Amino acid sequence: MSDLIALRACTTIAGVAKLLGFQAKTLAYIAWGAPSATKYSVFDIPKRSGGKRTIHAPAPQLKLAQGKLSNLLQACEKEIEDSLGVKHSVSHGFKRERSILTNAEVHRHQRYVLNLDLLDFFGTINFGRVRGFLINNRNFKLHPDVATLIAQLACHEDRLPQGSPASPVLSNLIGNILDIRLSKMARAHGCAYSRYADDITLSTSKPEFPTAIAHQVDAFKWQASEDLESAVGASGFKINHAKTRLLHHRSRQDVTGIVVNQHINLNSDYRRNVRAMVNKLCSTGSYQRDKTILAADNTTKVSVEGSYAQLQGMLGFMMQVERHRRSGGPLPSTLSATERLLHRFLFYTTFAGNDKPVILCEGKTDNIYISAAVKRLSASYPKLIEPESKNLLVKILPHTATQERIFNLTGGDNPLVNFIIAYRDNYRLIKAPKGANPVIVIFDNDNGSNAVIAAIKKHFKIEMPDDTQYIRAYANLYVLLTTKKGTGNHCIEHFFPSKTLKKTLSGKKLNLSNKKLKDDEYGKAWFAEKIVKPYYHDIDFTGFSGLLDPLSEIITHHANHKIDEKG
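Values in this document were obtained by computation on a predicted structure and should not be read as measured data.

Engineer: How do you make sense of the sheet that holds strand β13 (residues 358-360) when you look at a structure like this?
Structural biologist: Strand pairs in the sheet, formed through backbone hydrogen bonds, run parallel or antiparallel to each other. On the basis of which strands lie adjacent, the open sheet formed by five strands has the order β14-β13-β15-β17-β16 and mixed pairing. Each of the sheet's edge strands pairs with one partner strand only, and the pair in question is β14 (395-396) and β16 (470-474). Pairing between strand β15 (residues 439-443) and strand β17 (residues 477-481): five bridges, direction parallel. From the neighbouring strand, V439 faces β17, where its bridge partner is L477. Relative to β17, helix α20 (residues 545-560) is tilted by about 160°, and along the sheet it contacts β13, β15, β16 and β17.

See the structure below:
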């Protein structure tokens, strides 16, 4: 049964509670029984454009109910759009597979871009509007008791509160009539239309912007037409005239903060500021960022110390815009300017200025083995894990798409060798305090390790003697073999007892080679995912002391020997 049909079939609180995964008594208490004063925490945050925005953060149990209600209504919304054949919704805010980027894309490369703002968008949607919509809308037609319950869960002080998980989807459902009216008006006058929450944008490439939609009041001010204002008013909303702006293609055109003149892009000030913050971080170990604070009803900007996570978030947003601009096309062979900036940031925070020892392995399976071994043998390795809390004291670098792209760490020994060769040049570019914790690259002691030993000798002029298991290649970079050099071929799976390696999966036996598997064989990936990961509590990991002992030794050695920070 579809979610929409199931919701329409509900006639009682019990029916809705079942759909949301609650007991009826619990949901009734959340909606009506809990004291109003305990339902929300209220606080103000500064608006980007000045002034303040009041946030109502729901209490945990109410937030859970609103979140489940939001998921249900979003599924219903998707069903309705699919049944109507809607392929490209004009509403982009708070919708799956929609964002400020898809919203901005609608208005790319236009002669004129008109931005409007709705006044008190959530506040104009009250209890009565929510309940009435759910009862009367032809797609919902819910039982009055069900509509009342949903409105009671969603509203606070007779309005949709900002901060509730349910407010965005309900505002989109109720705002659909506004979208229909303004889309029709836009098409009639050769304009494109989109809405992101309370931000409305209309654009055109006509020689003049249609006066039926907006007209110029003076040299710097534009005003919505009477027809447009009437259409907005008939939909139950109001225009915030102070924020109406018309942008010409000869100036910078932005839609919800995204530049749309030619390609989707961030404005140059944002990119310049992020670049400056990364440079400052990699030069000094810290950076400053602007923070907007509230003072009465006014906002002011102050400079505060920023965190790694905040800067990584900004870089991630820049990458998101860049990926959208590529539109799924092939990746260029070389890193873009944004990717090079991300490379510098990640090299410092992950390797040069890492706050704990970092372990790099040849593949994803090695990560699983080492993590499991450290947890099982925690009492013996206090340098690697806190025995009581089970918190790792090392970072086993995950194999992610970002790591693969930025550092070309695609798995196997060859990419790791290239990473080691380039390490010195990248390390020298970092002027901030660095090298406090080691970066340890682990190789199977097989033919592949010969390449890294040769590379270290060629590029760093360092020999790795026989009967040694690890070597400091450069600064805080170490190379560790699974067994001592010269003791014969060995791979990390050899640390497992033979009875574990002999385990079968669906009658198939383990093949540790990298050759094509036969029909009666399974490979390392299945061994790691289907045997080691789920059953590591039952596996004997004592053989891994041959790897964990030198790991601990490297960490101790590095802590006791000062590293030349210049490399």
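Engineer: Before we go on, may I ask you to explain empty space enclosed by the protein in this structure?
Structural biologist: Any space left empty among the atoms is revealed by the rolling of a water-sized probe across them. Applying the stated criterion across every chain, the model contains one cavity of 30 Å³ or more. Considering only enclosed or pocket space, the largest cavity measures out at about 90 Å³ in volume. Lining the largest cavity are 13 residues, and of these L360, C361, H399, L409 and L416 sit closest to its centre. Along the lines of polarity and charge, the residues of the lining of the largest cavity split into seven nonpolar, five polar and one charged.

Engineer: Looking at this structure, how should I read the confidence of the model for the chain?
Structural biologist: Note that predicted coordinates carrying low pLDDT should not be read in detail. Looking at the chain as a whole, the pLDDT averages 93, with 98% of positions reaching at least 70. Per-residue pLDDT, averaged within each element of the chain, yields its smallest value for strand β11 (residues 288-295) (81) and its largest for strand β5 (residues 199-204) (98).

Engineer: Would you explain the packing of aromatic side chains in this entry?
Structural biologist: What describes a pair of aromatic rings is the distance from one ring centre to the other and the angle between the planes of the rings. Under the criterion given, the structure shown has 25 aromatic pairs. Pairing F496 with F527 gives two aromatic rings, centres 5.1 Å apart and planes at 90°, and the pair type is edge-to-face. Taken together, the positions of F496 in the loop between β17 and α18 (498-501) and F527 in helix α19 (residues 524-535) put the pair 31 residues apart, joining distant regions of the chain. Aromatic ring contacts, followed pair by pair, group F347, F351, F407, F419, Y423, Y427, F460 and Y474 into a single cluster. For K68, the ring lying beneath its charged end belongs to F22, and the centroid distance is 5.1 Å.

Engineer: Which parts of the structure should I look at to understand the environment of A436?
Structural biologist: Looking at the secondary structure, you find A436 in the loop between α16 (413-428) and β15. Given a relative accessible area of 61%, A436 falls into the exposed group. Measuring from C-alpha to C-alpha, the distance between A436 and T244 comes to 53 Å, with 192 residues separating the pair along the chain.

Engineer: Looking at this structure, how should I read the layout of surface pockets?
Structural biologist: The calculated volume of the second largest pocket comes to roughly 630 Å³. Considering the residues around the second largest pocket, the lining is formed by 25 residues, among which L84, N176, I177, D179 and I180 are closest to the centre. Broken down by secondary-structure element, the contributors of at least two residues to the lining of the second largest pocket are α5 (60-83) and α9 (167-188). Broken down by element, the lining of the second largest pocket gets its largest block of residues, 10 residues, from α9. Residues belonging to the lining of the second largest pocket are distributed by class as follows: 10 nonpolar, eight polar and seven charged. Counting the residues that make up the lining of the second largest pocket, at least three belong to each of domain 1 (1-87 + 126-159) and domain 2 (88-124 + 168-262).

Engineer: Is there a simple way to think about the nonpolar core in this case?
Structural biologist: Note on soluble globular proteins: their nonpolar side chains tend to be buried together. Residues L7, L27, V130, F140, I213 and L228 are the most contacted members of the largest nonpolar core, which totals 63 residues. Among the elements that take part in this core, α9 stands out by supplying eight residues, more than any other. There are two domains that each give this core at least three residues, and those are domain 1 (1-87 + 126-159) and domain 2 (88-124 + 168-262). Beyond its immediate chain neighbours, meaning those up to four positions away, F140 contacts L4, L7, R8, L73, C76, I80, F133, L134 and L173. Core analysis: the second largest hydrophobic core is formed by 59 residues, V260, L266, L341 and L481 among them.

Engineer: I would appreciate a short explanation of the pattern of salt bridges in the present structure.
Structural biologist: It is possible for side chains of opposite charge to pair when their charged atoms get near one another. Counted by the stated rule, this structure contains 16 salt bridges. Here K95 ties to E77 by a salt bridge, and the two come within 2.9 Å at their closest N and O atoms. Within this pair, whereas K95 is found in the loop between α5 and α6 (100-105), its partner E77 is found in helix α5, the two being separated by 18 residues in sequence. Judged by its relative accessible area of 10%, E77 is buried. Here D82 ties to K78 by a salt bridge, and the two come within 2.9 Å at their closest N and O atoms. Taken together, the positions of D82 and K78, both in helix α5 and four residues apart, correspond to about one turn of that helix. For D82, a relative accessible area of 48% puts it in the partly exposed group. Among the ionic contacts, a cluster of salt bridges with common partners joins E322, R325, R326, E339 and R405.

Engineer: Got a minute to help me understand the environment of G128 in this structure?
Structural biologist: Here G128 shows up in helix α7 (residues 127-136). The class for G128 is partly exposed, based on a relative accessible area of 44%. C-alpha separation for the pair G128 and H143, spaced 15 residues apart in sequence, amounts to 15 Å.

Engineer: Where do I start with the sheet that holds strand β4 (residues 192-196) in this structure?
Structural biologist: On the basis of which strands lie adjacent, the open sheet formed by four strands has the order β4-β5-β3-β8 and antiparallel pairing. At either margin of the open sheet sits one strand with a lone partner, and together these are β4 and β8 (245-248). Across the sheet, the mean angle separating the axes of adjacent strands is 20° when strand polarity is ignored.

Engineer: Explanation requested: the domain arrangement of the chain in the structure shown.
Structural biologist: How big an interface is tends to be reported as the loss of accessible area on association of its parts. We note that the domain assignment places domain 1 (1-87 + 126-159), domain 2 (88-124 + 168-262), domain 3 (267-326) and domain 4 (352-561) within the chain. Inter-centroid distance (C-alpha atoms) of domain 3 to domain 4 is 34 Å. Tallying the contact residues gives seven residues for domain 3 and six residues for domain 4. Taken together, both faces of the contact between domain 3 and domain 4 bury some 370 Å²; the carbon and sulfur share is 53%. Viewed at the interface, domain 4 and domain 3 are joined by zero salt bridges. The interface formed by domain 3 and domain 4 holds three residue pairs in polar contact (both at pLDDT 80 or more) in total. Those elements that place two or more of their residues in the side of domain 3 that touches domain 4 are α11 (268-284) and α12 (308-326). Ranked by the residues each element gives to the side of domain 3 that touches domain 4, the list is headed by α11, at four residues. Of the residues contributing to the side of domain 3 that touches domain 4, the split by class is three nonpolar, three polar and one charged.

Engineer: How should the packing of α7 against α9 be read in this particular structure?
Structural biologist: Helix packing for two helices is described by the angle between their axes and how far apart those axes are. With their axes 11 Å apart at the nearest point, α7 and α9 run at an angle of 65° to one another. By the criterion of interaxial angle, the relationship of α7 to α9 is roughly perpendicular. Classified by chirality, the crossing of α9 by α7 is left-handed. Taking contact as the criterion, the partners of R129, V130 and F133 in α7 are, on α9, L170, L173 and I174. Broken down by class, the residue content of the contact of α7 with α9 amounts to five nonpolar, no polar and one charged.

Rules and cut-offs
Each residue is numbered by its place in its chain's sequence as written, counting from 1. This being a predicted model, a pLDDT of at least 70 is required before a residue's local features are given, and a value of 80 or more before pairs of side-chain atoms are given or counted; all residues contribute to the totals for chains, interfaces and linings. In computing side-chain values, all of the structure's heavy atoms are included and hydrogens and water are not. Strands were regarded as paired on the criterion that DSSP finds at least two bridges between them. Helix and strand definitions here come from DSSP, where helices need a minimum of 4 consecutive H or I residues and strands a minimum of 2 consecutive E residues; each element is numbered from the N-terminal end. In what follows, residue pairs with any heavy atoms lying within 4.5 Å of each other are defined as contacts. Axes here mean lines fitted to C-alpha atoms, for a helix over just the part in contact, with angles spanning 0 to 180 degrees between N-to-C directions. A pocket here means an open set of points on a 1 Å grid, computed over the protein atoms alone, that has protein on both sides within 12 Å along at least five of seven lines. A cavity is instead a set of points where a 1.4 Å probe fits but cannot get out; residues with an atom within 4 Å of a point line either one. Grid points are joined across faces, edges and corners, and a volume is the space filled by probe spheres set on the points. Residue polarity follows a fixed list, in which Ala, Val, Leu, Ile, Met, Phe, Trp, Tyr, Cys and Pro are nonpolar, Asp, Glu, Lys and Arg are charged, and the others, Gly among them, are polar. pLDDT: the predictor's confidence for each residue, scored from 0 to 100. Pairs were defined over the aromatic rings of Phe, Tyr and Trp, the Trp ring being its six-membered one, requiring ring centres within 6.5 Å. Orientation was assigned from the angle between planes: stacked under 30 degrees, edge-to-face over 60, tilted for the rest. Our definition puts a charge over a ring when NZ of Lys or CZ of Arg is within 6 Å of the ring centre and also within 35 degrees of the ring normal. The buried label goes to any residue with under 20% of its type's maximum accessible area, the exposed label to any with over 50%, and the partly exposed label to all in between, with areas taken from a 1.4 Å probe on protein chains only. Delimitation of the domains relies on an automatic or database domain assignment. Side-chain atoms within 4.5 Å are what join buried Ala, Val, Leu, Ile, Met, Phe, Trp, Tyr and Cys residues into a set we call a nonpolar core. Salt bridge, as used here, is a side-chain nitrogen of Lys or Arg placed within 4 Å of a carboxyl oxygen of Asp or Glu. When two parts are put together, the accessible area they lose, computed with a 1.4 Å probe and summed over both, is reported as buried area. In protein, a polar contact means a hydrogen-donor-capable atom and an acceptor-capable atom, both N or O and within 3.5 Å, with residues adjacent in sequence counting only if both atoms are side-chain atoms; elsewhere, any N or O pair within 3.5 Å suffices. Roughly parallel means an angle under 35 degrees; roughly antiparallel, over 145; roughly perpendicular, 65 to 115; everything else is oblique. The sense of a crossing depends on the near helix, which, turned anticlockwise from the far helix by less than a right angle, makes the crossing left-handed and, turned clockwise, makes it right-handed.

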